[in-house]
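Survey of secondary and tertiary structure
Letter by letter, the chains look like this.
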Amino acid sequence: MKVTDKFKHAVMNCNAAQFGEGGDDIAKLASYIREWLDVKTGSNTLDSSNADDYANKIGRLLGRKYPHGDCNEIIQKYIKKNW
């Protein structure tokens, strides 16, 4: 089973955002640092990092909107797992 990178980014951010404002803030900071490091070390292109950042934002938005929902199910409506 292969889960896309963007799906994982969105689900992790969704889960963190469901913990409230603190979880949302930590997820935002951690995501920013990760993407910055990925570009600086060359493990990600700027385009791929921007796409990851977009998935992170979608995850946080949906986590705030559905604080008691199942992030895997919620995110699948917007980002496919690519089995």
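The structure under discussion appears in the preceding block.
Residues numbered from 1 in each chain as written. Predicted model: local features only at pLDDT ≥ 70, side-chain atom pairs only at ≥ 80, totals over all residues. Heavy atoms only, no water.

Structural notes on the state of the cysteines
On inspection of all chains with the given rule, the structure shows one disulfide. Paired through a disulfide, cysteine 14 and cysteine 71 show a sulfur-sulfur distance of 2.1 Å. Here cysteine 14 and cysteine 71 share a disulfide; its torsion about the S-S bond, -75°, makes the bridge left-handed. A residue pair is termed long-range when its members are at least 10 positions apart, and cysteine 14 in helix H1 (residues 5-17) and cysteine 71 in helix H4 (residues 71-76) qualify at 57 residues. Among the residues examined, cysteine 14 registers a relative accessible area of 0% and is labelled buried. (Disulfide = S-S within 2.5 Å. Helix = DSSP H or I, 4+ residues; strand = E, 2+ residues; numbered from the N terminus. Buried < 20%, exposed > 50% of the residue type's maximum accessible area, 1.4 Å probe, protein only.)

Thoughts on the packing of H1 against helix H3 (residues 46-65)
Taken N-terminus to C-terminus, the directions of H1 and H3 make an angle of 35°; their axes are 7 Å apart at the nearest point. Remark: the crossing between H1 and H3 carries right-handed chirality. On H3, the residues that touch Asp5, Lys6, His9, Ala10, Asn13, Cys14 and Ala17 of H1 are Ser48, Ala51, Asp52, Ala55, Asn56, Gly59, Arg60, Leu62, Gly63 and Arg64. Among the residues making up the contact of H1 with H3, the classes are represented as six nonpolar, six polar and five charged. (Axes fitted to C-alpha atoms, helices over the stretch in contact; angles between N-to-C directions. Left-handed = near helix turned anticlockwise from the far one by under 90°. Contact = heavy atoms within 4.5 Å. Nonpolar A, V, L, I, M, F, W, Y, C, P; charged D, E, K, R; others polar.)

What about H1?
The first and last C-alpha atoms of H1 sit 18 Å apart over 13 residues, in line with the 18 Å expected at 1.5 Å per residue. Taken together, the buried positions of H1 are Phe7, His9, Ala10, Val11, Asn13, Cys14 and Ala17. Residues of H1 that are buried in the fold lie against helix H2 (21-41), H3 and H4. (Expected span 1.5 Å × (residues − 1).)

What to know about the nonpolar core
Counting residues in each nonpolar core, the largest one holds 11 residues, listed as Phe7, Ala10, Val11, Cys14, Ala55, Ile58, Leu62, Cys71, Ile74, Ile75 and Ile79. When contributions to this core are tallied by element, the ones reaching two or more residues are H1, H3 and H4. Looking at this core element by element, the count peaks at four residues for H1. (Core = buried A, V, L, I, M, F, W, Y, C linked by side-chain atoms within 4.5 Å.)

Shape descriptors only; they carry no functional weight alone.
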